[in-house]
Amino acid sequence: MSENKYDLCERLEDFAASIILLYDKKPLSYAGDYLDKQLIRSSCSSALNYGEVLGAGTDADKINKLRICLKELRESQRNLNIQSKAKLFSNEDLFGLRDENDQLIRIIVTRIKNIN
């Protein structure tokens, strides 16, 4: 296993943890609570599914699990965009998360392409 795969695992975990920390500092509202809980689920799911990639036995299995991870990251991206547009968070609060989310999507897409 290359060092990069462990770095990506940690980045996905850090991304999920950052989402949780952001949620904990925000005042509650119906829309915010709804979107935040979904964002926590999708960001954590991407990290958890990547953990499954590390144990996948075949290339087809790896690709399937990477696609699930990618789907969850894209869901997180849409959620962050909605929260930004609805001004549920300041753009300053979301900038780093949105940038990291975009980078993680690009990395996962590259991993999928490199397996094929």
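Residues numbered from 1 in each chain as written. Predicted model: local features only at pLDDT ≥ 70, side-chain atom pairs only at ≥ 80, totals over all residues. Heavy atoms only, no water.

Participant: Pulling in residues and values, what's your account of helix H4 (residues 91–115)?
Facilitator: If you check H4, its first and last C-alpha atoms are 36 Å apart, about what 25 residues at 1.5 Å a residue would give, namely 36 Å. For H4, every residue scored as buried is listed here: Leu94, Leu97, Glu100, Asn101, Leu104, Ile105, Ile108 and Ile112. (Helix = DSSP H or I, 4+ residues; strand = E, 2+ residues; numbered from the N terminus. Expected span 1.5 Å × (residues − 1). Buried < 20%, exposed > 50% of the residue type's maximum accessible area, 1.4 Å probe, protein only.)

Participant: Tell me what's going on with the pattern of salt bridges, and back it up with residues and numbers.
Facilitator: For the structure on display, the rule yields six salt bridges. With a closest N to O distance of 3.0 Å, Asp61 and Lys65 form a salt bridge. Here Lys65 and Asp61 lie together in helix H3 (residues 59–85), a separation of four residues that amounts to about one turn. Judged by its relative accessible area of 16%, Lys65 is buried. In this structure, Asp102 engages Arg106 in a salt bridge whose closest nitrogen and oxygen atoms are separated by 2.9 Å. Placement of both Asp102 and Arg106 in helix H4 is noted, with a separation of four residues, approximately one turn of the helix. A cluster of three or more residues bridged by salt bridges with shared partners is formed by Glu52, Asp61 and Lys65. (Salt bridge = Lys/Arg side-chain N within 4 Å of Asp/Glu carboxyl O.)

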